[in-house]
Amino acid sequence: MISLLARLEFGRLLHSPLLWLLLTTYCFLLAYLFLSFIEQFNSAISVGNAGSAAPIGASRAIATPVFLWSSLLGHLLLPLMAARLLPEERQKKTWPLLASAPLSGWQIVLGKYLGLLFLVACLSLPPLLMSLSLSFTTSIDLGLVLSGWLGLFLSMSAFG
């Protein structure tokens, strides 16, 4: 029953025009930041790496700031979406139906939170794919990228 509520909540989020507007803005800003970090890496950092004993890699110079900015933007967007979960039930007059379901209060909250976790997964996927796209042209530190993604997912999950 909790999984059904989570699926229903995620479906409601997907039908919201506000979500698509926020996701579009989020992806546009991340793409712009990603390209600007690549440009900065190509112009300034790679020149400084030429004679350095400890060069800065693309994972550290590009992927890490992308995950940082993704976390900041996600922490701005998640409250906008999470604050709608319960009041939307009252607005659509479905709260009596949900309250009469054979679910306790914590099961309702857990179902809604799991629905929000699907949104968190959608928000944390673009920075991971952007960082992994660097592997086509350079060697990346996969451990750094995956730990950055895990940190981003857990941080946004806790904030949600």
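See the structure shown above.
All residue numbers refer to position in the chain's written sequence, counted from 1. Reporting of local features is limited, given that this is a predicted model, to residues whose pLDDT is at least 70; pairs of side-chain atoms are given and counted only at 80 or more, and all residues count toward the totals for whole chains, interfaces and linings. Only heavy atoms go into the side-chain values, all of them from the structure, while hydrogens and water stay out.

A. A look at the overall build of the chain. The way it works is that DSSP assigns letters per residue, a run of H or I at least four long becomes a helix, a run of E at least two long becomes a strand, and they are numbered from the N terminus. Scanning the chain for helices and strands turns up seven helices and zero strands. In the chain, the succession of α and β elements from N to C terminus is α-α-α-α-α-α-α. Type-normalised accessible area, obtained with a 1.4 Å probe on protein chains alone, sets the label of each residue: buried when under 20%, exposed when over 50%, and partly exposed for intermediate values. Residues classed as buried in the chain amount to 37% of the 160 residues present. Throughout, a contact is declared for two residues whenever any of their heavy atoms are within 4.5 Å. Expressed as a percentage of contacts within the chain between residues at least 6 apart in sequence, the contacts between residues at least 24 apart total 83%.

B. Fine view of helix α7 (residues 142–159). The span one expects for a helix is its residue count, reduced by one, times 1.5 Å. For α7, built from 18 residues, the straight-helix expectation of 26 Å at 1.5 Å per residue is met to within 8% by its first-to-last C-alpha distance of 25 Å. Residues of α7 that are buried: Val145, Leu152, Met156 and Ser157. Projected onto a plane normal to the axis of α7, the buried residues spread over an arc of 125° and lie on a single side. Buried positions along α7 lie against α3 (58–82) and α6 (105–133). Here, the arc refers to the directions that run from the helix axis to the C-beta atoms.

C. The arrangement of the packing of α3 against α7 in detail. Fitted lines through C-alpha atoms serve as axes, helices being fitted only where they are in contact, and the angles separating the N-to-C directions of these axes extend from 0 to 180 degrees. Relative to each other, α3 and α7 sit at 10°, their axes nearing to 10 Å. By the criterion of interaxial angle, the relationship of α3 to α7 is roughly parallel. Contact with α3, carried on its side by Ser59, Arg60, Ala63, Thr64, Phe67, Ser70, Ser71, Gly74, His75, Leu78 and Pro79, involves Leu144, Val145, Gly148, Trp149, Leu152, Ser155, Met156 and Phe159 of α7 and no other residues of that element. Partitioned by chemical class, the residues of the contact of α3 with α7 number 10 nonpolar, eight polar and one charged. What sets the label is the angle itself: under 35 degrees gives roughly parallel, over 145 gives roughly antiparallel, 65 to 115 gives roughly perpendicular, and the rest give oblique. Residues are grouped as follows: Ala, Val, Leu, Ile, Met, Phe, Trp, Tyr, Cys and Pro are nonpolar; Asp, Glu, Lys and Arg are charged; all remaining types, including Gly, are polar.

D. Seen up close, the packing of aromatic side chains. Here a Phe, Tyr or Trp ring, Trp counted by its six-membered ring, pairs with any other such ring whose centre lies within 6.5 Å, and the pair is stacked when the planes are under 30 degrees apart, edge-to-face when over 60, and tilted otherwise. All told, the structure shown has one aromatic pair when counted by the stated rule. Taking 5.8 Å as the distance between ring centres and 20° as the angle between the ring planes, the aromatic pair formed by tryptophan 149 and phenylalanine 153 counts as stacked. Of this pair, tryptophan 149 and phenylalanine 153 both sit in helix α7, four residues apart, roughly one helical turn. Given the relative accessible area of 26%, tryptophan 149 is considered partly exposed.

E. Highlighting the nonpolar core. Put simply, buried Ala, Val, Leu, Ile, Met, Phe, Trp, Tyr and Cys residues joined by side-chain atoms within 4.5 Å make one nonpolar core. Counting 31 residues, the largest nonpolar core has Ile62, Leu78, Leu119 and Leu123 as the members making the most contacts within it. Of all the secondary structure elements, the ones that give two or more residues to this core are α2 (17–49), α3, α6 and α7. When residues of this core are assigned to their parent elements, the largest contribution, 10 residues, is made by α3.

F. Expanded view of the state of the cysteines. We call a pair of cysteine sulfur atoms a disulfide whenever their separation is within 2.5 Å. Throughout the structure, instances matching the rule amount to zero disulfides. Of all cysteine sulfurs in the structure, the one in cysteine 122 sits closest to cysteine 27, which takes part in no disulfide; the separation is 9.6 Å. Overall, the relative accessible area of 32% leaves cysteine 27 in the partly exposed class.

G. A look at a nonpolar patch on the surface. Among the surface-exposed residues, Leu68, Trp69 and Leu72 lie close enough to one another that they form a single nonpolar patch of about 290 Å² accessible area. Relative to the elements of secondary structure, leucine 68 occurs in helix α3. For leucine 68, a relative accessible area of 48% translates into the label partly exposed. Note on patches: the residues involved have over 30% relative accessible area and no salt bridge, like charges join within 9 Å, and the nonpolar side chains Val, Leu, Ile, Met, Phe, Trp and Tyr join within 5 Å. Using the Shrake-Rupley algorithm and a 1.4 Å probe, accessible areas are obtained, with residue cover drawn only from the displayed protein chains. The rule for a salt bridge is simple: a side-chain nitrogen of Lys or Arg has to be within 4 Å of a carboxyl oxygen of Asp or Glu.

H. Examining α3 more closely. Over its 25 residues, α3 runs 34 Å from end to end, which matches the ideal 36 Å to within 8%, given 1.5 Å per residue. At every residue, the bend is computed as the angle between two fitted axes, covering the seven residues ending there and the seven beginning there respectively. Remark: the principal bend of α3, roughly 25°, maps to histidine 75, with a proline, proline 79, within the next four residues.

I. Structural view of the side chain of serine 71. Positionally, serine 71 belongs in helix α3. Apart from residues lying up to four places away in sequence, serine 71 is in contact with Leu152 and Ser155.

J. Up close: the packing of α6 against α7. For the pair α6 and α7, the least separation of the axes is 9 Å and the interaxial angle reads 155°. With respect to each other, α6 and α7 are oriented roughly antiparallel. The chirality of how α6 crosses α7 is right-handed. On the side of α6, the interface is formed by Tyr113, Leu117, Val120, Ala121, Leu123, Ser124, Leu125, Pro127, Leu128, Ser131 and Leu132, while α7 contributes Leu142, Val145, Leu146, Trp149, Leu152, Phe153, Met156, Ser157 and Ala158. For any helix crossing, the convention is left-handed if the near helix is rotated counterclockwise from the far helix by under a right angle, and right-handed if that rotation is clockwise.

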